[in-house]
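Working through the structure, step by step
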Amino acid sequence: MSIRTLAFVACAALGLTACGGRAAQDRTAPIRALLSADALMLVSFDTNGDLSVSRDEAEAGFAREFARADADNNGALSPIEFSNWSSLVLGGSQIGPYRLDFDRNVDNVITREEYDTELRARFSQYDADENGALSRTEFVRLVGQARPPTQRRQTAPTIGGAGGPGE
Ligand SMILES: [Ca+2]
Ligand SMILES: [Ca+2]
Ligand SMILES: [Ca+2]
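Residues numbered from 1 in each chain as written. Chains lettered and ligands numbered in written order. Predicted model: local features only at pLDDT ≥ 70, side-chain atom pairs only at ≥ 80, totals over all residues.

1. Comments concerning the overall build of the protein chain
Looking only at helices and strands, the protein chain has eight helices and six strands in total. Secondary structure elements of the protein chain, listed N to C terminal, follow the sequence α-α-β-α-β-α-β-α-α-β-α-β-α-β. The burial tally for the protein chain puts 22% of its 167 residues in the buried class. Of the contacts made within the protein chain by residues no fewer than 6 positions apart, 58% connect residues no fewer than 24 positions apart. (Helix = DSSP H or I, 4+ residues; strand = E, 2+ residues; numbered from the N terminus. Buried ≥ 20, exposed ≤ 12 C-beta atoms within 10 Å, placed from the backbone. Contact = placed C-beta atoms within 7 Å.)

In C-alpha cells, the structure reads:
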C-alpha cells in the first residue's frame, strides 16, 4: 500500500471526530466514516492493486498478518503479541478491532482459528453487495446522527382531560 493510500485512509478514519464541527452545522446529513481500523489492514491486502480486495487476497493477507503477529511462532497470539501487532497494523489500540474481538473464549490466547474466524466475519460484514470482494466504498459507512432532543414542546390539546366529568 502506498503512503498516499495510507494517508487517505487515516484521514478518513479521523473523519468521525475531525468533521464534528461541520457535522454540527448540518445535523440531518449522515456522516461518512471508517468505523474500525481493520479497514487499514484489509485495504493493504489488495496485492494486485486493482483497488478491490478479493477473498483470495484477503485469505493470503490473514496468513501474512498472523505470521507477523506471532512473534514467537508458536501458532497463537499472546496479549503482548496482539498489542504489538495492533500498534503496527491497526494504528494503535484506540479503535478496534480489539483483542477480545478475536479471543472469543477469553483464555488470553488468540488461536489461528479465532483470528481467521473474526477476520472472515469482518470481511463479510464489509462486503455489502456480497460479490466476494471489498471495494473502497464498502469500507466507508454512513453513520446516522443522533439528533439532539428537539426543544419545541408541543402543547398537546388535552381532549376531554381538563374538564373532567362533571356531575
Ligand atoms: Ca485486488
Ligand atoms: Ca505467539
Ligand atoms: Ca463487495
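So, next bit.
2. Digging into the packing of helix α4 (residues 55-69) against helix α5 (residues 79-89)
The interhelical angle for the contact between α4 and α5, taken along N-to-C directions, is 125°, at an axis separation of 9 Å. Relative to α5, the element α4 lies oblique. Contacts from Glu65, Arg68 and Ala69 in α4 reach Glu81, Phe82, Trp85 and Val89 in α5. Class assignment for the residues of the contact of α4 with α5 results in four nonpolar, no polar and three charged. (Axes fitted to C-alpha atoms, helices over the stretch in contact; angles between N-to-C directions. Parallel < 35°, antiparallel > 145°, perpendicular 65-115°, else oblique. Nonpolar A, V, L, I, M, F, W, Y, C, P; charged D, E, K, R; others polar.)

3. Quick look at the confidence of the model for the protein chain
Within the protein chain, residue pLDDT values average 81, and 69% of them lie at 70 or more. Below pLDDT 50 for its whole length, residues 1-20 participates in 18 contacts with residues either more than four positions away or in separate chains. Between residues 161-167, whose pLDDT stays under 50, and residues either more than four places distant or in other chains, the model counts zero contacts. (pLDDT = per-residue confidence, 0-100.)

4. Considerations on the nonpolar core
Counting 27 residues, the largest nonpolar core has Ala39, Leu42, Val53 and Leu134 as the members making the most contacts within it. Of all elements in the fold, only α3 (38-44), α4, β3 (76-77), α5, α7 (112-126) and β5 (133-135) reach the threshold of two or more residues within this core. For this core, the element with the most residues is α3, which contributes five residues. Among residues more than four places away in sequence, those in contact with Leu134 are Leu42, Ser52, Val53, Phe123, Tyr126, Asp127 and Phe139. (Core = buried A, V, L, I, M, F, W, Y, C linked by C-beta atoms within 7 Å.)

5. Structural notes on α4
Between the first and last C-alpha of α4 there are 21 Å, a value that for 15 residues agrees with the 21 Å anticipated at 1.5 Å per step. Those residues of α4 that sit buried are Ala58, Gly61, Phe62 and Ala69. Buried residues in α4, looked at end-on, bunch into an arc of 110°, giving them a common side. Considering only its buried residues, α4 is in contact with α3, β2 (52-54), β3, α5 and α7. (Expected span 1.5 Å × (residues − 1). Arc of directions from axis to C-beta.)

6. Observations regarding unusual backbone geometry
Pro97 follows Gly96 through a cis peptide bond whose omega is 10°. Looking at the secondary structure, you find Pro97 in the loop between α5 and α6 (99-102). A positive phi angle, near 65°, is found at Asn108, a position not held by glycine. Its place among the elements puts Asn108 in the loop between α6 and β4 (110-111).

7. Brief notes about α5
Those residues of α5 lying buried are Phe82, Trp85 and Ser86. Relative to the axis of α5, the buried residues are bounded by an arc of 105° and lie together on one face. The exposed residues of α5 that point more than 90 degrees off its buried face are Ile80 and Ser87. In the core, the buried residues of α5 are packed alongside α4, β3, α6 and β4. Immediately beyond the C-terminal end of α5, within one or two residues, lies Gly91, with a positive phi of roughly 75°.

8. Structural notes on the environment of Leu119
With respect to the helices and strands, the residue Leu119 is situated in helix α7. For Leu119, a count of 23 C-beta atoms within 10 Å puts it in the buried group. When the C-alpha positions of Leu119 and Phe62 are compared, they lie 7.5 Å apart, and in sequence the two are 57 residues distant.

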